[in-house]
Amino acid sequence: LTQRFQMWGQPRGDCPYKTPYLEVLRKSCIFVTVASLAFAPVHPALAETKQVVQGVVTQNLEAARSFQQGVNFYNRGDLDGATLAFRQALGQDANIALAHHYLGIILGKQGQLPEAIAQYQQAIQLDPSLAEAHYNLGVALYQQEQTQEALVAFGRAVQLNPSNAHAFYNLG
């Protein structure tokens, strides 16, 4: 049964952006690279505005850069580098839900399921609309033999993203 679960952030061979999440961001035209932010002149009036990097909203440009580095490391398969970068981003701004989500994915891949669950729960607390975090929480809970809790998480993932076939399938 556990083979039927696929974590949302796992690279797929048919996706040129390495993860389905990044593919969606790219298609929805909100994909902003840190390089464009780093080399663009910052007007003093905009210094206090929020920075948006791959759907991440933060007032801390360094946190945004660290998050982007984490995504880049993750996409290259460097989980240690990604973990370090995501933790650095969270050290600069603990409210980046996607950084918690990515850490959950990495910890899950490393078999650290209780820690992964905690990261998914933190991501959901920060952004309850993050369907992928609900789905991956369900996967981790199922792997911990917490079936009822997993079904609740899958149900919430389906509510938020009715086109998530994996979540529908996992509901039974």
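What you see is a predicted model, and the numbers here were worked out from it, not measured in a lab. (Residues numbered from 1 in each chain as written. Predicted model: local features only at pLDDT ≥ 70, side-chain atom pairs only at ≥ 80, totals over all residues. Heavy atoms only, no water.)

Asker: Would you explain the confidence of the model for the protein in this entry?
Answerer: In low-pLDDT regions, the fine details of the predicted coordinates are not to be read closely. When the pLDDT values of the protein are averaged, the result is 77; 67% of them are 70 or greater. Note that residues 1-6 has pLDDT below 50 and, in this model, 14 contacts with residues that lie over four places away or in other chains. Counting contacts from residues 10-52, a segment whose pLDDT is below 50, to residues more than four positions away or on other chains yields 68 contacts. (pLDDT = per-residue confidence, 0-100. Contact = heavy atoms within 4.5 Å.)

Asker: When you look at the packing of helix α3 (residues 61-75) against helix α5 (residues 97-109) in this model, what are you seeing that I'm missing?
Answerer: Each pair of packed helices gets described by two things: the angle between the helix axes and the distance between those axes. Where α3 meets α5, the closest approach of the two axes is 11 Å, and the angle between their N-to-C directions is 30°. Regarding the angle of α3 to α5, the classification is roughly parallel. Handedness of the α3/α5 crossing: left-handed. Residue-level contacts link F67, V71 and Y74 of α3 to L98, A99, Y102, I105, I106 and K109 of α5. Among the residues forming the contact of α3 with α5, the class breakdown is eight nonpolar, no polar and one charged. (Axes fitted to C-alpha atoms, helices over the stretch in contact; angles between N-to-C directions. Helix = DSSP H or I, 4+ residues; strand = E, 2+ residues; numbered from the N terminus. Parallel < 35°, antiparallel > 145°, perpendicular 65-115°, else oblique. Left-handed = near helix turned anticlockwise from the far one by under 90°. Nonpolar A, V, L, I, M, F, W, Y, C, P; charged D, E, K, R; others polar.)

Asker: Please clarify how unusual backbone geometry should be interpreted in this entry.
Answerer: Most of the time, phi is negative for any residue but glycine, and the peptide bond is trans. A positive phi angle, close to 65°, is found at E145, a residue other than glycine. Considering the arrangement of structural elements, one finds E145 in the loop between α7 (131-143) and α8 (147-160). A residue is classified by how much of its surface remains accessible, and E145, at 72% relative accessible area, is exposed. (Buried < 20%, exposed > 50% of the residue type's maximum accessible area, 1.4 Å probe, protein only.)

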